[in-house]
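Structural features, examined
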Amino acid sequence: MRSTVTRMRVALVVLALLLAACGQGQAPSTAAPTAASQPTAAPAAAQPTAAAPSGAAASGEPIPIGIAVAQTSNVALFGQEQVAGAQVAEQYFNQKGGVNGRPIKLILQDTGGDEAGAINAFNTLINNYKVVGIVGPTLSQQAFAADPIADKAGVPVIAPSNTAKGIPQIGDYIARISAPVSAVAPNAVKAALNINPNIKKVVVLFAQNDAFSKSETVVFQQTVTNTFKLDLLGVQTFQTTDTDFTTQATFVLGANPDMVIISGLAADSGNLVKQLRDLGYKGVIVGGNGLNTPNLFPVCKSACDGILVAQAYSYQSESDVNKAFREAFKAKQNKEPGQFSGQAFTAVQVFVEALAALDKQSPIASADLAQLRTALNKQILAGTYDTPLGAISFTPEGDINQKQFYVAQVKMSPDGTSGAFEFIK
Ligand code: 1QQ
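No experiment lies behind these values; they were computed from the predicted model shown.

**Some details on the overall build of the chain**
- Helix and strand counts for the chain stand at 12 helices and 15 strands.
- A buried classification covers 56% of the 425 residues belonging to the chain.
- Counting only carbon and sulfur atoms, one obtains 52% of the accessible surface of the chain, whose full area is about 16900 Å².

What follows is the structure, given as structure tokens:
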């Protein structure tokens, strides 16, 4: 009884310190297991404010892992899916015993949709919450700004959805489980040509204020002209903040291509697709990774029907771990997991399995936090992982080695209220 009261007092003090440390900053979306009042504490010394989830096989002090993704702004169309996937991983791996018996605890920090938000979230996770590593941010555009901070601080980052060229090269502590545009994007063009071999004329559109979109369009344009020797009639640009695409749609209708290829984010690309169809475009639409979320469907509604998108994940994949993930996800979310959820699950899995491997070599509870982060980074790159994305490993620079990619086609109900990605490859 006495010790329970004492523990409660400690918890209250920790909470008060935590709130004070947060200052005017964003409140954490999840209660943090570690307190800002312990600047030198390794995760082993963290003060849990709550017991491990009931029924969890893991017990003891949770290991904090940061999740820095967009929970607000238009970028939350991706970030929501990432949070859902990561939370399934937290529950799943803790029920399986966590890190050799010790649970993990995800610390969520909302990055919003811009660079400043990502930088803020990274700093908070690194300095206040003492995370062992970070899954995030959502956009490559944000990663180029925030990742150097983690790299300098010696904190391992696993990028769950950054597909632009150059992400792993940001620094030694930056790895990704999101396959690059060069590996994924050409699959969609190939599939479009398989379905319709008469495609000759192409217009390409991309968001010029977004690093991923700029990177992806280069790959699409090379695929069109170099690989398949198609006619590139023109290239149109837009902004991720645009809502009116009359100029671009008018150009497309004037050029009369057989296929358009779009590199943008979900809200802008969805509106572009809708306005293209509304103005009478009848040809094939290939979308890049920004159109890879079911959250696109309420934007373009019935006009989303038929869009072809290459994917780095399929919920139909037969591995045991994917079956377990898919089941757990469906039980929680009442729908099939999309690519961004599958990738977020995978990023958390890599942290859990690398921590467990490290702990077997030398107990992580006795390591100092800086040493632990560095050893963990090394271990992440050294491991191989059986994930919902298939068997994966990393190049020495931290890029993903992944074997299997897919292509899906959007199938919408005629009234546009519901839809699904149907896998064609
Ligand atoms: C990137 C992307 C986006 C579409 C992720 C949501 O691939 O920014 O790299």
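**Points about the sheet that holds strand β13 (residues 400–401)**
- Overall, antiparallel pairing links the three strands, which are arranged β11-β12-β13 in an open sheet. The open sheet is flanked by β11 (384–387) and β13, the only strands paired with a single partner.
- Here four bridges tie β11 to strand β12 (residues 390–394), and the two strands are oriented antiparallel to one another. Within β12, the position partnered with Asp386 by the bridge is Ala391.

**Side note on the site of the ligand**
- By nearness alone, every residue bordering the ligand is listed as Phe78, Thr138, Leu139, Ser140, Ser161, Asn162, Thr163, Ala164, Phe212, Asn289, Gly290 and Phe340.
- Within the side chain of Ser140, a nitrogen or oxygen atom sits 2.5 Å from an oxygen atom of the ligand.
- With respect to the ligand, the backbone of Ser161 contributes an N or O atom lying 3.2 Å from an oxygen atom.
- Against a free-state accessible area of 280 Å², the protein chains account for coverage of 100% of the ligand.
- Partitioned by chemical class, the residues of the shell around the ligand number five nonpolar, seven polar and no charged.
- Residues from two domains meet in the shell around the ligand; each of domain 1 (63–179 + 317–394) and domain 2 (183–311 + 406–423) gives at least three.

**Here we look at the sheet that holds strand β10 (residues 308–311)**
- If you trace the seven strands from one edge of the open sheet to the other, you get β7-β6-β8-β9-β10-β14-β15, paired in mixed fashion. This sheet does not close on itself; its edge strands, each paired only once, are β7 (231–238) and β15 (419–423). Between one strand axis and the next, the sheet turns by 25 degrees as a mean value, whatever way the strands run.
- Two strands pair when backbone bridges link them, and β10 and strand β14 (residues 406–412) are joined in this way by four bridges, in the antiparallel orientation. Opposite Val309, over in β14, you have Ala408 as the bridge partner.
- The sheet strands contacting helix α5 (residues 181–195) are β8 (259–263), β9 (284–287), β10 and β14, and the helix crosses β10 at an angle near 140 degrees.

**Some words on the packing of helix α7 (residues 246–255) against helix α8 (residues 266–278)**
- In contact at an axis separation of 9 Å, α7 and α8 are set at 50 degrees when each is read in the N-to-C sense. The angle between the axes of α7 and α8 places the two elements in the oblique class. Both α7 and α8 take part in a crossing whose hand is right-handed. Counting all contacts with α7, which are made through Thr246, Gln248, Ala249 and Val252, the residues of α8 involved are Leu272, Gln275 and Leu276.
- Taken together, the residues of the contact of α7 with α8 sort by class into four nonpolar, three polar and no charged.

**What to know about the nonpolar core**
- Grouped together as the largest cluster of nonpolar side chains are 110 residues, with contacts concentrated most on Met259 and Ile307.
- Among the elements that make up this core, the one with the highest residue count is helix α11 (residues 339–361) (12 residues).
- Per-domain counts for this core show at least three residues from each of domain 1 (63–179 + 317–394) and domain 2 (183–311 + 406–423).
- Non-local contacts of Ile307, meaning those with residues more than four positions away in its chain, are made with Val273, Ile285, Gly287, Leu291, Leu296, Cys300, Ala408, Gln409 and Val410.
- Judged by nonpolar contacts, the second largest core, of 19 residues, contains Ile107, Phe122, Val157 and Ala164.

**Some words on the state of the cysteines**
- According to the stated counting rule, one finds one disulfide in the structure shown.
- Each sulfur in the disulfide pair Cys300 and Cys304 lies 2.0 Å from the other. Where Cys300 bonds to Cys304 through sulfur, the torsion about that S-S bond is close to 105 degrees, and the disulfide is right-handed.
- Take Cys300: its relative accessible area is 1%, and that puts it in the buried class.
- Since its relative accessible area comes to 0%, Cys304 is described here as buried.

**Considerations on helix α2 (residues 76–95)**
- The end-to-end C-alpha distance of α2, which contains 20 residues, comes to 28 Å, matching closely the 28 Å that a straight helix rising 1.5 Å per residue would cover.
- The buried fraction of α2 amounts to 16 of the 20 residues, a majority that puts the element mostly inside the structure.
- Of the residues one or two after α2, Gly97 is the one with positive phi, at around 110 degrees.

Conventions adopted
- Residues numbered from 1 in each chain as written.
- Predicted model: local features only at pLDDT ≥ 70, side-chain atom pairs only at ≥ 80, totals over all residues.
- Heavy atoms only, no water.
- Helix = DSSP H or I, 4+ residues; strand = E, 2+ residues; numbered from the N terminus.
- Buried < 20%, exposed > 50% of the residue type's maximum accessible area, 1.4 Å probe, protein only.
- Areas by Shrake-Rupley, 256 points an atom, 1.4 Å probe, with all protein chains shown as cover.
- Pairing = 2+ DSSP bridges.
- Near = heavy atom within 4 Å.
- Polar contact = N/O pair within 3.5 Å; in protein donor to acceptor, adjacent residues only side chain to side chain.
- Nonpolar A, V, L, I, M, F, W, Y, C, P; charged D, E, K, R; others polar.
- Domains from an automatic or database assignment.
- Axes fitted to C-alpha atoms, helices over the stretch in contact; angles between N-to-C directions.
- Contact = heavy atoms within 4.5 Å.
- Parallel < 35°, antiparallel > 145°, perpendicular 65-115°, else oblique.
- Left-handed = near helix turned anticlockwise from the far one by under 90°.
- Core = buried A, V, L, I, M, F, W, Y, C linked by side-chain atoms within 4.5 Å.
- Disulfide = S-S within 2.5 Å.
- Expected span 1.5 Å × (residues − 1).

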